[in-house]
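Topology and contacts: notes
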Amino acid sequence: MALILHAGKSNKNAYKALIAAEYAGVQVQLAPNFEMGVSNKTPEFLKMNPIGKVPVLETPEGPVFESNAIARYVARVKGDNTLYGSSSIDYGHIEQWIDFSSLEIDANIGRWFAPRKGFGPYLPPAEEAAISSLKRALGALNTHLATNTYLVGHTVTLADIITTCNLYLGFTNIMIKSFTSEFPHVERYFWTLVNQPNFRKILGQVKQADAVPPVPSKPAQPKESKPKAKDEPKKEAKKEAKKEPEKPKVEEEEEEAPKPKPKNPLDLLPPSKMILDEWKRLYSNTKTNFREVAIKGFWDMYDPEGYSLWFCDYKYNDENTVSFVTMNKVGGFLQRMDLARKYAFGKMLVIGSQPPFKVKGLWLFRGPEIPKFVMDECYDMELYEWSKVDISDENQKERVNQMIEDHEPFEGESLLDAKCFK
Ligand SMILES: N[C@@H](CCC(=O)N[C@@H](CS)C(=O)NCC(=O)O)C(=O)O
């Protein structure tokens, strides 16, 4: 019989238990017709959680409240999984990261986000303190993840589930790319985890926030700083506005009428004789004699004035210890490159028969450089070393050919996977 979880459909605290349930093979169902602010105020609900907060899990042995406790219960109810690791020290570390992500990450994201959404007073120094504590925590997490794929051991544990759900709130609401790019290992970790099938089933496709929510139009004043003299509050408000940290540029813009979308600068480049779609069609339709037809066709079409070719090499190959995680990581990269589909073609190879696997790729971009918007908007770009292909060098040209045709062996090794972006 399924356990009943009382929560709305988009509650990141409920996601913890729902994802844990997927890993643990436990049936958990959201209570039908749950309505936040109504269902959690009824006498029946208050019997389950006297302070009326969600989520609450109904079990045959009685209710459990507090989302971490619920997720722990779900992870353990059958007791035949590794969500809690396989030794006492794993268990200790899993609990350590659960507390860390709840107290140092989730709490500070909440202190930053909630006042901007109008839940509680907006106080610039408090926001500054929350952001600074959050950065300290993300810095520590980033250092740990520089040499670890998961928080504990070599598989997903409850610590990853709870940490990812906590990061999810930040990534989807307030931690925009320019903020998270300071923590590349956290970014890699987050996108890898949310793209695991058991996470994806619950979270769907995750999209990073592209703007920090603006400051509420009437910032609340702290009760203690109530003005004595008539003209003091204005001065205070002005001073605080000056001190405001990380003021999002979007704030002022959001008030204005929408501007027409500027053209992508790549559309303003001089026309090229190379038609990218023609190359993509040739690549897709060539089933035999690939060298003679597709590769030859590529070089016949290639326009070094209008396009450039780039090799990329993953900087953290030592982390690629699990084949499916490595392949998912590359899959995630290609999904995020969707924004460049009109201007790029790519091949990504996962190389080797044993871990750690190497990830290398070849990209064709419109224009003489890697487009700036790709660098700015696709965080994966920073995870690779990029070098421009010198097409006057026959060895480099041959390497391009081998990457396009998934040549095996590649640089003496077999291919675990080859993905194409077209
Ligand atoms: N520490 C609790 C936090 C629960 C919580 O704050 N829930 C919010 C919704 S996400 C809520 O029920 N708010 C309604 C209220 O405060 O009355 C947990 O992890 O379950």
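Residues numbered from 1 in each chain as written. Predicted model: local features only at pLDDT ≥ 70, side-chain atom pairs only at ≥ 80, totals over all residues.

1. Structural notes on unusual backbone geometry
Leaving glycine aside, a negative phi is the common case for residues, and trans is the common case for peptide bonds. The peptide bond linking V54 to P55 adopts the cis configuration, its omega dihedral lying at 5°. Along the chain, P55 falls in the loop between α2 (43-48) and β3 (56-59). Looking along the chain, the bond that leaves P355 and enters P356 is cis, with omega of -5°. Here P356 shows up in the loop between β6 (344-351) and β7 (358-366). Phi at N33 is positive, roughly 60°, even though this residue is not glycine. Note that N33 resides in the loop between β2 (28-30) and α2. (Helix = DSSP H or I, 4+ residues; strand = E, 2+ residues; numbered from the N terminus.)

2. Quick notes on the packing of helix α3 (residues 67-76) against helix α6 (residues 158-173)
Working note: a packed helix pair is described by the angle between its axes plus the distance between those axes. It is at 11 Å that the axes of α3 and α6 come closest, and there the two elements cross at 145°. In the packing of α3 onto α6, the handedness of the crossing is right-handed. Between α3 and α6, the residues in contact are N68, A71, R72 and A75 and L158, I161 and I162, respectively. (Axes fitted to C-alpha atoms, helices over the stretch in contact; angles between N-to-C directions. Left-handed = near helix turned anticlockwise from the far one by under 90°. Contact = placed C-beta atoms within 7 Å.)

3. Re the UniProt feature "domain: EF-1-gamma C-terminal" (unreviewed entry) in the protein chain
Mapped onto the present numbering, the UniProt feature "domain: EF-1-gamma C-terminal" (unreviewed entry) falls on residues 262-422. In this annotation, residues 262-422 is assigned 33% helix and 23% strand; the end-to-end C-alpha distance for the span is 24 Å. (UniProt positions renumbered as here; feature names shortened; annotations may be inferred.)

4. Details of the nonpolar core
With 60 residues, the main nonpolar core has A17, A20, A71, V74 and L158 as its most contacted residues. Taken together, the elements giving at least two residues each to this core come down to α1 (12-24), β3, α3, α4 (88-116), α5 (124-145), α6, α8 (184-194) and α9 (197-203). At nine residues, α1 tops the list of elements feeding residues into this core. When residues are assigned to domains, this core turns out to be shared by domain 1 (3-76) and domain 2 (88-203), each giving three or more. With residues near it in sequence (within four places) discarded, A20 still touches A71, V74, A75, L83, L158 and I161. One finds L276, F333, A340 and F365 within the second-largest nonpolar core, a separate group that totals 34 residues. (Core = buried A, V, L, I, M, F, W, Y, C linked by C-beta atoms within 7 Å. Buried ≥ 20, exposed ≤ 12 C-beta atoms within 10 Å, placed from the backbone. Domains from an automatic or database assignment.)

5. Focus on the domain arrangement of the protein chain
The domains assigned to the protein chain are domain 1 (3-76), domain 2 (88-203) and domain 3 (276-421). If you average the C-alpha positions of domain 2 and of domain 3, the two centres end up 31 Å apart. On the side of domain 3, 12 residues touch domain 2, which itself brings 11 residues to the contact.

6. A word on the UniProt feature "domain: GST N-terminal" (unreviewed entry) in the protein chain
UniProt marks residues 1-82 with the feature "domain: GST N-terminal" (unreviewed entry), using the numbering shown here. The span residues 1-82 is 35% helix and 18% strand, and its two end C-alpha atoms sit 22 Å from each other.

7. Thoughts on the site of the ligand
Every residue lining the ligand is accounted for by N11, N13, G52, K53, V54, P55, E66 and S67. When the residues that make up the shell around the ligand are grouped by side-chain class, the tally is two nonpolar, four polar and two charged. (Near = placed C-beta within 6 Å. Nonpolar A, V, L, I, M, F, W, Y, C, P; charged D, E, K, R; others polar.)

8. Details of α8
Where burial is concerned, most of α8 is hidden: 10 out of the 11 residues are buried. Along α8, the residues that are buried comprise H185, V186, E187, R188, Y189, F190, W191, T192, L193 and V194. The inward-facing, buried residues of α8 abut α5, α6, α7 (177-180), α9 and α14 (323-336).

9. Things to note about the confidence of the model for the protein chain
When pLDDT drops low, the exact placement of atoms in the prediction is not to be read closely. Counting all residues, the mean pLDDT for the protein chain is 89, and 90% of those residues have values of 70 or more. Overall, residues 219-256 carries pLDDT values under 50, and its contacts beyond four positions in sequence, including any with other chains, amount to 28 contacts. (pLDDT = per-residue confidence, 0-100.)

10. Observations regarding helix α16 (residues 394-404)
Within the span of α16, buried status applies to V400, M403 and I404. Taken down its axis, α16 places every buried residue within 100° of arc, on the same side. Opposite the buried face of α16, by more than 90 degrees, sit the exposed residues E394, N395 and E398. Elements in contact with the buried residues of α16: α13 (290-301), β5 (307-314), β6 and β7. Phi turns positive one or two residues past the end of α16, at D406, with a value near 55°. (Arc of directions from axis to C-beta.)

11. Some thoughts on the sheet that holds β3
Taken in spatial order, the four strands make up an open sheet running β2-β1-β3-β4, and their pairing is mixed. The sheet is open, and its two edges are formed by β2 and β4 (62-65), each paired on a single side. The sheet shows a mean angle of 25° between the axes of neighbouring strands, direction not considered. Where strand β1 (residues 3-6) meets β3, three bridges bridge the pair, whose relative direction is antiparallel. (Pairing = 2+ DSSP bridges.)

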